[in-house]
Amino acid sequence: MSFDAAQPSAPKDEVRLHLGGLSEGTRVLSSKGLVRVEKLRTGDRLVTRDLGMQTLRLVTERLVPQGEIVRIDPTAFEHAEAQKPLAVAPTQRILVRDWRAKAMFQKTRALVAARRLVDGELICIEAVGEHRMYSLHFDHLRIMYAGGFECGSATPVSRMLGG
């Protein structure tokens with residue numbers, strides 16, 4: 001299954017580093033079952049929506065002294081298998097494949113920064129103190145399962161290295 005339609009839209013000449021970020025404690029679907037994001041390491045295999053098991057090439061961790069997170073209620077998306085809210089960086093891309101994709105992009109699915117989905121009810125911005133965020137990198141953009149939601153991976157390693 002190709003995810004070209006889910007590619008984030010940006011000018012062709014624009015190359016940006018996308019980290020997004022999953023909050024500490026988020027459970028990610030791996031070959032070993034659900035694993036807390038902070039326990040993942042380079043070489044672990046994660047289940048992806050687009051290509052099944054894929055090898056994790058890099059895990060980046062950053063301590064954010066204070067800022068904002070987007071908290072997504074488990075009922076925000078019909079297709080989500082979440083049982084509790086997901087806390088992500090405002091730039092974390094979420095795969096949207098419901099009425100929002102059609103309304104926002106005239107597509108059946110789209111990768112959308114969490115902050116663009118804020119509705120003040122099921123998807124809210126919250127101010128937080130010090131917190132850890134984790135970004136998961138593969139060889140190519142992938143859709144992974146994090147916290148019961150479908151999330152986009154961070155910038156592929158080859159693109160980070162200028163390849």
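**Structural notes on the overall build of the protein chain**
Line of reasoning, step 1. Across its full length, the protein chain holds two helices and 14 strands.
Line of reasoning, step 2. Burial analysis of the protein chain (163 residues in total) assigns 44% to the buried set.
Line of reasoning, step 3. A separation threshold of at least 6 residues defines the contact pool for the protein chain, and within that pool the share at least 24 residues apart is 59%.
Line of reasoning, step 4. For the protein chain, the computed accessible surface area is about 8800 Å², with 49% contributed by carbon and sulfur atoms.

**Looking at unusual backbone geometry**
Line of reasoning, step 1. The backbone phi angle of Gln 106 is positive, close to 55 degrees, even though this residue is not glycine.
Line of reasoning, step 2. Tracing the backbone through its elements, the reader meets Gln 106 in the loop between helix H1 (99–105) and strand S10 (110–113).

**Comments concerning the pattern of salt bridges**
Line of reasoning, step 1. Enumeration according to the criterion identifies eight salt bridges in this entry.
Line of reasoning, step 2. Put simply, Arg 100 and Asp 98 hold a salt bridge, and the shortest N to O gap is 2.4 Å. When sorted by exposure, Arg 100 lands in the same class as Asp 98, which is buried.
Line of reasoning, step 3. Through salt bridges that share partners, Arg 49, Arg 97 and Glu 150 make up one connected network.

**Section: the side chain of Glu 38**
Line of reasoning, step 1. Along the polypeptide, Glu 38 turns up in the loop between strand S3 (33–36) and strand S4 (45–48).
Line of reasoning, step 2. For Glu 38, a relative accessible area of 13% gives the class buried.
Line of reasoning, step 3. In terms of polar contacts, Glu 38 uses its side chain to reach the backbone amide nitrogen of Gly 25, at 2.8 Å.
Line of reasoning, step 4. The contact partners of Glu 38, leaving out residues within four places of it in the chain, are Glu 24, Gly 25 and Tyr 134.

**Looking at the pairing of strand S5 (residues 52–55)**
On a regular strand, one side chain projects to one face of the sheet and the next to the other, so that they alternate.
Line of reasoning, step 1. Direction of pairing for S4 relative to S5: antiparallel, over a ladder of four bridges. Residue Thr 48 lies in a different strand from S5, and its bridge partner there is Gly 52.
Line of reasoning, step 2. Linking S4 back to S5 in an antiparallel pair, the connection comprises three residues.

**Details of the layout of surface pockets**
Line of reasoning, step 1. Estimated volume of the second largest pocket: approximately 470 Å³.
Line of reasoning, step 2. Elements with a contribution of two residues or more to the lining of the second largest pocket: strand S2 (27–30), strand S8 (86–88), strand S13 (143–146) and strand S14 (149–152).
Line of reasoning, step 3. Classifying every residue of the lining of the second largest pocket by side-chain character gives nine nonpolar, seven polar and seven charged.

**Some details on empty space enclosed by the protein**
To find leftover empty space, one rolls a probe the size of a water molecule over the atoms.
Line of reasoning, step 1. All told, the structure shown has one cavity of 30 Å³ or more when counted by the stated rule.
Line of reasoning, step 2. What the largest cavity holds in volume is close to 30 Å³.
Line of reasoning, step 3. Lining of the largest cavity is provided by Leu 19, Gly 21, Leu 22, Gln 92, Tyr 134, Ser 135, Leu 136, Met 144, Gly 152, Ser 153 and Ala 154.
Line of reasoning, step 4. For the lining of the largest cavity, the element with the highest residue contribution is strand S12 (residues 131–137), accounting for three residues.
Line of reasoning, step 5. Here the lining of the largest cavity is composed, by residue class, of six nonpolar, five polar and no charged.

**Some words on the packing of aromatic side chains**
Line of reasoning, step 1. Tallied over the full model, the rule gives one aromatic pair.
Line of reasoning, step 2. Pairing Phe 77 with Phe 149 gives two aromatic rings, centres 6.1 Å apart and planes at 80 degrees, and the pair type is edge-to-face. Of this pair, Phe 77 sits in the loop between strand S7 (67–72) and S8 while Phe 149 sits in strand S14, placing them 72 residues apart in sequence. Like Phe 77, the residue Phe 149 is buried in the burial classification.

What counts and how
- Residues numbered from 1 in each chain as written.
- Predicted model: local features only at pLDDT ≥ 70, side-chain atom pairs only at ≥ 80, totals over all residues.
- Heavy atoms only, no water.
- Helix = DSSP H or I, 4+ residues; strand = E, 2+ residues; numbered from the N terminus.
- Buried < 20%, exposed > 50% of the residue type's maximum accessible area, 1.4 Å probe, protein only.
- Contact = heavy atoms within 4.5 Å.
- Areas by Shrake-Rupley, 256 points an atom, 1.4 Å probe, with all protein chains shown as cover.
- Salt bridge = Lys/Arg side-chain N within 4 Å of Asp/Glu carboxyl O.
- Polar contact = N/O pair within 3.5 Å; in protein donor to acceptor, adjacent residues only side chain to side chain.
- Pairing = 2+ DSSP bridges.
- 1 Å grid on protein atoms, 1.4 Å probe; cavity = no way out; pocket = protein on both sides within 12 Å on 5 of 7 lines; lining within 4 Å.
- Points joined across faces, edges and corners; volume = space filled by probe spheres on them.
- Nonpolar A, V, L, I, M, F, W, Y, C, P; charged D, E, K, R; others polar.
- Phe/Tyr/Trp six-rings, centres within 6.5 Å; stacked < 30°, edge-to-face > 60°.

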